[in-house]
Amino acid sequence: MHTFIKNIFLTAVVLLLAVHALTQTHFYVAADGSDTHNGSIIQPFKTLQQALSAACIQKGKAVTIELRKGIYYLNKTINIDAKYCKLSSLYIKAYKNEEVMISAGKRLQLQWKPWKNGIYVADVTQGIVFERLYVNHILQPLARYPNYDSSARIFHGTAADAIAPERVKKWKDPAGGYIHALHAYEWGGFHYRITGTDSNGNLQMEGGWQNNRPNEMHKEYRFAENIFEELDAPGEWWLDKKKHLLYYYPAKGVDIHKAVVEIAQLKNSIELKGSIAQPVKNIRLSNLRFAHNERTFMNTKEPLLRSDWTIYRGGAVLLDGTENCVIEDCVFEGIGGNAVMLSNYNKNDTVRGCHIYNTGANAICFIGDTKAVRSATFGYENYTPYDQLDKTPGPLTNNFPQDCVVENNLLHDLGDIEKQATGVEIEVASSITVRHNSIYHTSRAGINIGDGCFGGHILEFNDVFNTVRETGDHGSFNSWGRDRYWAPGRSYMDSLAAIHPELIFLDAQKQTIIRNNRFRCDHGWDIDLDDGSSNYHIYNNLCLNGGLKLREGFKRIVENNIMINNSFHPHVWFKNSGDVFERNIVMKKYAPIQVNDWGNSINYNLFPDTAALHDAQSRGTDANSIAGDPLFANPLKGDYTVASASPAIALGFKNFPMDSFGVQKPSLKKIAQQPQIPVLITDAGLSDKSTVVAFLGGSIKSVDGLGDRSAYGLPDETGVIIFNTGENSLLAQSGLQPKDVIRFAGGKVVKDVKQWMDIYQTLNWTGRIPLTIMRNQQILHIELRTK
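Rules behind the numbers
Residues numbered from 1 in each chain as written. Predicted model: local features only at pLDDT ≥ 70, side-chain atom pairs only at ≥ 80, totals over all residues. Heavy atoms only, no water. Pairing = 2+ DSSP bridges. Helix = DSSP H or I, 4+ residues; strand = E, 2+ residues; numbered from the N terminus. Axes fitted to C-alpha atoms, helices over the stretch in contact; angles between N-to-C directions. Phe/Tyr/Trp six-rings, centres within 6.5 Å; stacked < 30°, edge-to-face > 60°. Buried < 20%, exposed > 50% of the residue type's maximum accessible area, 1.4 Å probe, protein only. Lys NZ or Arg CZ within 6 Å of the ring centre and 35° of its normal. Lys, Arg positive; Asp, Glu negative; His and termini not counted. Salt bridge = Lys/Arg side-chain N within 4 Å of Asp/Glu carboxyl O. Polar contact = N/O pair within 3.5 Å; in protein donor to acceptor, adjacent residues only side chain to side chain. Contact = heavy atoms within 4.5 Å. Disulfide = S-S within 2.5 Å.

## Quick notes on the sheet that holds strand S10 (residues 133–135)
Taken in spatial order, the four strands make up an open sheet running S7-S19-S10-S11, and their pairing is antiparallel. On the outer flanks of this sheet lie strand S7 (105–108) and strand S11 (138–140), each paired with one strand and no other. Along the sheet, successive strands turn relative to each other by an average axial angle of 35°, direction set aside. Direction of pairing for S7 relative to strand S19 (residues 261–264): antiparallel, over a ladder of four bridges. Opposite Lys 106, over in S19, you have Ile 263 as the bridge partner.

Right under this line is the structure:
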């Protein structure tokens, strides 16, 4: 009888536990937990995978998963699929803000042995392969030539002889190595995997598909990687995949026998997957740190219509077919590829309060299905003839990101290996809002819109600077609009747009707004609307260096912007473009290229001097514009509010906030960098020729009277002195030295810094400006690299 009662009691306990498991909506995970536990705070699971398995049986319920402090190494990508996980909501977060890392890697326990020349070797378990090695949580460089140089501007070091025959001959078996290079025109980069050598010892390679504008590799900016014979510098490593041996040259200060060794394993850590018909809904990821994701540059191959981009549709977190999902207060550190990817249909999703840095590729991407685009065409040189065009306005399907928000994020040091990379990338998407983000130290643009499909975006209160660091011919903001009306043949496109203007906005249906941002680009334009970009309203922006460019396009309204030390760059406009440029403050004369028709209205702008104003009026624009001092409140502190007596006010200019740019989340705002505030380059501002002006990473000043003439051995009192070249700046890379004096540039006399900046702004887009300089009283000819 006693045994019978005991069995009944045990059965009841089991049933109660089963009922609890079926009704439990709050689960806990701890690094020292067990997946045999019930997931309570007292008996936490060990893995997030197990917690999700338990959570997803709670159909229709709101479930929370909290992770305790620790590193959670994933053995496979976590997949939350709408087909199997049908919760009303799911909240995954760190428990009470404890430090939680979701690692896409693995920790190795190795027995190191000395090899030679300071290099150690260890056996690695068969089947483990990787391209990212961390020692004491610091990423180490793969064996490469030239060696890693943190101060180098491009790829951390490049060499023209990276694949020279005499170097390649030293490589016994280079298969599996990589060649990385900039595009020949510096429009992004290329990556190739070495597959072997031919009978003559020449490299055989595959790749080069990472750029939608095919071309040759840059002849100078290239490097070789993952080559055993190049293992010759502290910190470098190489994995022999055939013999399962890891070679490592310990970095300075590393005790190899006590070091923590981790490797990358997975490209994607968490994937939310659904569809338009059955989306994943109401998932929230909060206060998690993502790390150790593998590189993806060889997977970046899908062309995105006729933009310059190809893409890998993956990221540390991938959203594909979602609604009302949130990624908040997370850190993405050292991700090998993209950090956050929203691919195909995603609606009302938000990325906010995150810190994303040191990425191999992009920070945040919104990439729609190219099949959603009518008459989709791929490649710059291709187009669909008029008689074959689908002339129905708008998208073909709804399979693209829409009504999503990116706000209050800190995004920096982006595009470590992939050079067609940005802070926020938008292609085939609608109504994406990007606000209050600080974006800097990027290899290409800070924000990029790849096409006009389907517009409606709002970019506001962002702080975007130190962009286009490793490439050229681009801007802090960049866009293309090679939509259905656009064709590479200009005469055909002109006639098509004139006869069938209804085609222009078939894709760019909604107006995109760029307002209240601060931009600074030292290697391009602050705002760059390139080929075909149409249907934009650009107002209340502060451009600190590169000015604003409008290439061919339609219906761009540009008003109430400030362009410090620069101006308006209209390029190859269409007839009847409908463009407007009014009530802006410019500080140099316009720099038009092949513009014969000046749109709807270019007027009511403030110029720095009468010469710049008369230059514009001579082209038939700016009849009611004036010249004068804008009377900025405190330009040395970055406050370009104009006084009530400013002539800009009389023209209708309205002040806008100067203290609301960038991330506002206190913890991120505290660590966010700020752009360099430029010295105003005006006749009045440079009346004192002793003024030193920051320029291309160094500094310059005007020749100042007889004293400088005598000191530098000049024939007269004109020219610009290189005051300081800075460390690894473009000035230094061009071969300029302190005390050099620029006398001529592009065949024009350089009188002083103001005139030099006028010449520079006119010619910098070419990439190189021929200079005549004086050095030690000798005349030299040199080319200044501008990107």
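## Topic: the packing of aromatic side chains
If you walk through the whole model with that rule in mind, you get 33 aromatic pairs. Ring geometry for Tyr 178 and Phe 297: centres 5.0 Å apart, planes at 80°, overall edge-to-face. Placement of Tyr 178 in strand S13 (residues 178–183) and of Phe 297 in the loop between strand S23 (289–291) and strand S24 (302–303) is noted, with a sequence separation of 119 residues between them. Looking at Phe 297, the relative accessible area reads 1%, which means it is buried. Here Trp 756 and Tyr 760 contribute two aromatic rings whose centre-to-centre distance is 6.1 Å and whose plane-to-plane angle is 45°, an arrangement assigned as tilted. Of this pair, Trp 756 and Tyr 760 both sit in helix H10 (residues 753–763), separated by four residues, roughly a single helical turn. Considered together, Trp 756 and Tyr 760 belong to a single accessibility category, that of buried residues. Every member of this aromatic cluster is reached through a ring pair, and the members are Phe 568, Trp 573, Phe 581, Tyr 590, Trp 598 and Phe 607. The ring of Tyr 380 has Arg 213 lying over it, and the distance from NZ or CZ to the ring centre is 3.8 Å. Geometry around Trp 525 places Lys 549 over its ring, the cationic atom sitting 4.4 Å from the centre.

## Let's talk about the sheet that holds strand S18 (residues 245–248)
Pairing within the open sheet is antiparallel, and its four strands lie in the order S8-S9-S18-S17. Every interior strand has two partners, whereas the edge strands, strand S8 (113–116) and strand S17 (237–240), have only one. The sheet shows a mean angle of 30° between the axes of neighbouring strands, taken without regard to direction.

## Regarding the side chain of Arg 222
Relative to the assigned elements, Arg 222 resides in strand S16 (residues 217–225). Glu 216 provides the closest opposite charge to the buried, unpaired Arg 222, separated from it by 7.0 Å. A polar side-chain atom of Arg 222 sits 2.9 Å from the main-chain carbonyl oxygen of His 218. With residues up to four places along the chain from it excluded, the contact list for Arg 222 reads Pro 146, Thr 158, Ala 159, Ala 160, Ala 162, Ile 163, His 180, Ala 181 and Met 217.

## Description of the environment of Thr 25
Within the secondary structure layout, Thr 25 lies in the loop between helix H1 (2–23) and strand S1 (26–29). With a relative accessible area of 30%, Thr 25 lands in the partly exposed category. A C-alpha to C-alpha distance of 10.0 Å links Thr 25 and Ile 57, two positions 32 residues apart in sequence. With sequence-adjacent residues up to four places away left out, Thr 25 is seen in contact with Lys 61, Ala 62, Val 63 and Thr 64.

## Some thoughts on helix H2 (residues 48–55)
Burial within H2 is extensive, with six of its eight residues counted as buried. Every buried residue of H2 is accounted for by Leu 48, Gln 49, Ala 51, Leu 52, Ala 54 and Ala 55. Along its buried surface, H2 packs onto S1, strand S2 (62–67), strand S4 (78–81), strand S5 (89–94) and strand S6 (100–103).

## Digging into the state of the cysteines
For the coordinates displayed, the defined rule picks out one disulfide. In this model, Cys 56 is linked to Cys 85 through a disulfide, with the two sulfur atoms separated by 2.1 Å. For the disulfide bridge between Cys 56 and Cys 85, the dihedral angle about the S-S bond is near -80°, and by the sign convention the bridge is left-handed. You can see Cys 56 sitting in the loop between H2 and S2 and its partner Cys 85 sitting in the loop between S4 and S5, a full 29 residues away along the chain. Of the two residues, Cys 56 and Cys 85, neither departs from the other in class, the shared state being buried. Residue Cys 453 stays outside any disulfide, its sulfur separated by 17 Å from that of Cys 404, the closest cysteine.

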